[in-house]
Amino acid sequence: MTVNAESSTSTASSWRDLPAAQQPEYPDSEALREVTADLAGYPPLVFAGECDQLRDRLGAVARGEAFLLQGGDCAEAFDQVSAEHIRAKLKTLLQMSAVLTYAAAVPVVKVGRIAGQYSKPRSKATEVRDGVELPSYRGDSVNAPAFTAEARTPDPERLRRMYHSSAATLNLVRGFTTGGYADLRQVHAWNQDFVRTSASGQRYEALAREIDRALSFMKACGADPAEFHSVEFYASHEALLLDYEAALTRVDSRTGSLYDVSAHMIWIGERTRQLDGAHIEFASRVRNPVGVKLGPTTTPEEALAYIDRLDPDREPGRLTFITRYGAGKIRDLLPELVEKVTASGARPVWVCDPMHGNTFEAASGHKTRRFDDVLDEVKGFFEVHKALGTHPGGIHVELTGDDVTECVGGGDEIFVDDLHQRYETACDPRLNRSQSLDLAFLVAEMYRDQ
Ligand code: PEP
Ligand code: CO
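Residues numbered from 1 in each chain as written. Chains lettered and ligands numbered in written order. Predicted model: local features only at pLDDT ≥ 70, side-chain atom pairs only at ≥ 80, totals over all residues. Heavy atoms only, no water.

Asks: What exactly am I supposed to notice about the pairing of strand 3 (residues 126-129) here?
Replies: Regular strands place side chains that alternate from one sheet face to the opposite one. Examined bridge by bridge, strand 3 and strand 4 (residues 132-135) share four bridges and lie antiparallel to one another. Considered in strand 4, the bridge of Thr 126 is made with Pro 135. Where strand 3 folds back onto strand 4 in an antiparallel hairpin, the turn is made up of two residues, including Asp 130, whose phi is positive at roughly 45 degrees. (Pairing = 2+ DSSP bridges. Helix = DSSP H or I, 4+ residues; strand = E, 2+ residues; numbered from the N terminus.)

Asks: Any chance you could explain the site of ligand 1 here in plain terms?
Replies: Residues in contact with ligand 1, as listed here, are Cys 74, Arg 113, Lys 120, Pro 121, Gly 269, Glu 270, Arg 271, Lys 293, Arg 324, His 356 and Glu 398. Lys 120 is positioned with one of its side-chain polar atoms (N or O) 2.7 Å from an oxygen atom of ligand 1. A distance of 2.9 Å is found between an oxygen atom of ligand 1 and a side-chain nitrogen or oxygen belonging to His 356. Contact with the protein chains hides 98% of the accessible area of ligand 1, taken as 290 Å² for the molecule alone. (Near = heavy atom within 4 Å. Polar contact = N/O pair within 3.5 Å; in protein donor to acceptor, adjacent residues only side chain to side chain. Areas by Shrake-Rupley, 256 points an atom, 1.4 Å probe, with all protein chains shown as cover.)

Asks: Quick question: what am I supposed to make of the UniProt feature "binding site: Mn(2+)" (unreviewed entry) in the chain here?
Replies: UniProt records the feature "binding site: Mn(2+)" (unreviewed entry) at Cys 74, His 356, Glu 398 and Asp 428, using the numbering of this structure. With the annotated positions falling across 355 residues, the maximum pairwise C-alpha distance of 9.9 Å places them together in a single cluster. Note on placement: His 356 falls in the loop between strand 11 (349-352) and strand 12 (359-361). The exposure class assigned to His 356 is buried, which follows from its relative accessible area of 18%. (UniProt positions renumbered as here; feature names shortened; annotations may be inferred. Buried < 20%, exposed > 50% of the residue type's maximum accessible area, 1.4 Å probe, protein only.)

Asks: Would you mind showing me how to read the nonpolar core here?
Replies: Side chains of a nonpolar character, in soluble globular proteins, are inclined to be buried together. Ranked by internal contacts, the top residues of the largest apolar core, which has 107 residues, are Tyr 204, Tyr 244, Phe 321, Leu 334, Ile 395 and Leu 439. Top contributing element to this core by residue count: helix 4 (residues 83-104), with ten residues. Those residues in contact with Tyr 204 that lie beyond four places of it in its chain are Gln 95, Ala 98, Val 99, Val 187, Trp 190, Asn 191, Leu 437 and Phe 441. (Core = buried A, V, L, I, M, F, W, Y, C linked by side-chain atoms within 4.5 Å. Contact = heavy atoms within 4.5 Å.)

Asks: Would you explain the pattern of salt bridges in this entry?
Replies: Side chains that carry opposite charge are capable of pairing whenever their charged atoms lie near each other. A complete count under the given rule lists 36 salt bridges for this structure. Linking Asp 376 and Arg 331 is a salt bridge whose minimum nitrogen-to-oxygen distance equals 2.9 Å. Separated by 45 residues along the polypeptide, Asp 376 in helix 12 (residues 371-388) and Arg 331 in helix 11 (residues 330-343) bring together distant segments of the chain. Look at Asp 376 and you get partly exposed, because its relative accessible area is 28%. The class for Arg 331 is partly exposed, based on a relative accessible area of 30%. Between Arg 369 and Asp 428 there is a salt bridge, with the nearest N and O atoms lying 3.3 Å from each other. On the criterion of sequence distance, the pair formed by Arg 369 in strand 13 (residues 367-369) and Asp 428 in the loop between strand 14 (394-398) and helix 13 (433-449) is long-range, its members being 59 residues apart. Since its relative accessible area comes to 0%, Arg 369 is described here as buried. Residue classification places Asp 428 among the buried residues on the basis of a relative accessible area of 8%. Here the salt bridges share partners, and the residues they tie into one network are Asp 52, Arg 55, Asp 252, Arg 254, Arg 287 and Glu 315. (Salt bridge = Lys/Arg side-chain N within 4 Å of Asp/Glu carboxyl O.)

Asks: Looking at this structure, how should I read the sheet that holds strand 11?
Replies: Within a sheet, adjacent strands bond to each other through the backbone by hydrogen bonds, running parallel or antiparallel. The strand order around the closed barrel formed by eight strands is 1-2-5-8-9-10-11-14, and the pairing between neighbours is parallel. Strand after strand, the sheet turns through a mean of 25 degrees between neighbouring axes, direction not considered. Packing of helix 10 (residues 300-310) onto the sheet brings it into contact with strand 9 (290-294) and strand 10 (319-323), and relative to strand 10 it is tilted by some 150 degrees. (Axes fitted to C-alpha atoms, helices over the stretch in contact; angles between N-to-C directions.)

Asks: I'm lost on unusual backbone geometry in this one. Help?
Replies: Trans peptide bonds make up the majority, and among non-glycine residues the majority have a negative phi. Although it is not a glycine, Gln 22 sits at a positive phi angle of roughly 65 degrees. With respect to the helices, strands and loops of the structure, Gln 22 is situated in the loop between helix 1 (3-12) and helix 2 (29-41). Overall, the relative accessible area of 18% leaves Gln 22 in the buried class. One non-glycine residue with positive phi stands out, namely Ala 115, at about 60 degrees. Position of Ala 115 among the secondary structure elements: in the loop between strand 2 (108-113) and strand 3. Using a relative accessible area of 1% as the deciding quantity, one classes Ala 115 as buried.

Asks: Before we go on, may I ask you to explain the packing of aromatic side chains in this structure?
Replies: The geometry of an aromatic ring pair comes down to the distance between the two centres and the angle between the two planes. For the coordinates displayed, the defined rule picks out seven aromatic pairs. Site record: aromatic cluster; members linked through ring pairs are Phe 67, Phe 381, Phe 382 and Tyr 447. Lying over the aromatic face of Phe 441, Arg 203 brings its terminal NZ or CZ to 4.1 Å of the ring centre. A cation over an aromatic ring shows up here: Arg 370 above the ring of Phe 360, its NZ or CZ 4.2 Å from the ring centre. (Phe/Tyr/Trp six-rings, centres within 6.5 Å; stacked < 30°, edge-to-face > 60°. Lys NZ or Arg CZ within 6 Å of the ring centre and 35° of its normal.)

Asks: What am I meant to see in the environment of Leu 90 here?
Replies: On the secondary structure map, Leu 90 appears in helix 4. Residue classification places Leu 90 among the buried positions, given a relative accessible area of 0%. When near neighbours in sequence (up to four residues on either side) are disregarded, Leu 90 contacts Val 173, Phe 176, Thr 177 and Phe 233.

Asks: Any chance you could explain helix 2 here in plain terms?
Replies: Three- or four-residue spacings in an α-helix give side chains the same orientation, since the helix completes a turn every 3.6 residues. Its 13 residues give helix 2 an end-to-end C-alpha distance of 19 Å, which sits within 8% of 18 Å, the value for a rise of 1.5 Å per residue. Residues of helix 2 that are buried include every one of Leu 32, Val 35, Thr 36 and Leu 39, and no others. Viewed along the axis of helix 2, the buried residues span an arc of 95 degrees, placing them on a single side of the element. Those residues of helix 2 that are buried are in contact with helix 6 (157-178), helix 8 (242-247) and strand 6 (249-251). (Expected span 1.5 Å × (residues − 1). Arc of directions from axis to C-beta.)

Structure below.
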């Protein structure tokens with residue numbers, strides 16, 4: 001081992017000296033040690049060079065030359081790792097991306113909340129039902145949702161399943177995005193099952209016909225670039241379980257730098273972004289592009305401190321701020337943050353998560369979000385950036401390709417009374433395919449008008 005690698009190894013574990021919020025309490029620490037030792041020997045899920053490429057792409061977003069579309073489940077689940085679910089999610093993201101690219105005429109950087117999004121922070125450590133108190137469900141990587149002591153006990157073997165589920169998902173994603181399925185000439189095929197049943201599907205079909213005509217025109221002119229035949233698609237998740245992320249952190253032989261090879265991009269959530277905590281420390285040590293979720297309590301001073309810790313070299317694309325204020329707060333609170341960050345000379349990517357500040361409980365007990373609130377927060381985000389002359393860099397959304405009834409509203413309207421029909425999320429309510437496409441059309445309009 002070289003001196004460089006040794007110092008990298010201690011750098012990689014510096015987070016262990018700091019408090020780490022939201023970590024599971026495993027009853028058997030020896031079992032955890034065995035699993036993480038095995039994980040440390042498993043092959044990387046992504047390559048360092050791919051992470052660098054995404055950082056470059058996000059650099060273009062930071063400079064105002066591209067737009068980030070980041071989306072997927074709130075929580076992936078082990079029993080949803082199937083070709084059908086993964087294809088539907090990918091299809092939805094590809095359709096949204098086609099709408100944004102064509103209607104807003106902007107390159108779209110596509111990043112899934114996929115192939116690793118198995119861990120959830122919880123506001124309450126325990127859940128009480130009928131007087132019985134058990135640990136909260138923290139995602140399939142930690143425990144199971146059933147309300148029994150056995151299901152809710154954190155099991156480190158689940159980290160191994162997280163790795164294998166991520167690998168299987170990523171393998172299929174890579175197959176779909178490079179093996180012809182994501183070829184732009186398939187714009188109609190992605191919509192086939194959808195066009196007959198949905199207004200947004202029909203609207204999309206009209207746009208797909210225009211794309212087709214443009215492609216035929218270009219082909220007739222002799223242009224058929226490789227970019228039309230496959231897409232660059234990246235994987236991201238919240239870096240929550242530091243034992244897992246650290247076991248998948250490796251020294252890149254080309255550069256000697258550390259990369260978290262569990263995903264191309266990782267982000268730190270609203271509940272674990274303590275400046276003196278383990279998560280920020282961990283993120284500061286890896287070269288992946290990193291995101292930080294910023295809720296309405298974030299002060300401009302905190303934002304500047306994140307920049308110093310995570311992006312000391314002010315490298316465009318390294319740091320993404322994902323704001324999640326809520327529709328009622330974004331117009332009041334975001335301007336000061338953006339203003340002070342911009343005045344400092346930093347150029348983070350600004351992304352709007354219009355989901356997590358707009359959650360409420362319906363009378364039926366379902367956790368839900370109104371499509372109109374989601375839209376209004378994105379509108380507020382665009383307004384603020386337009387007023388300040390900064391770039392509205394992207395959206396971060398929870399969605400699924402399945403026809404679920406989890407968020408209310410949208411063109412094919414879901415009513416509060418419909419929520420029970422197909423409420424399948426393992427955690428937060430997701431936009432269904434029709435709502436996702438509606439959102440893409442509306443965001444494309446906002447982007448064009450900014
Ligand atoms: C999430 O992205 O699912 C999440 C928990 O978000 P936040 O950290 O912003 O609350
Ligand atoms: Co969520």
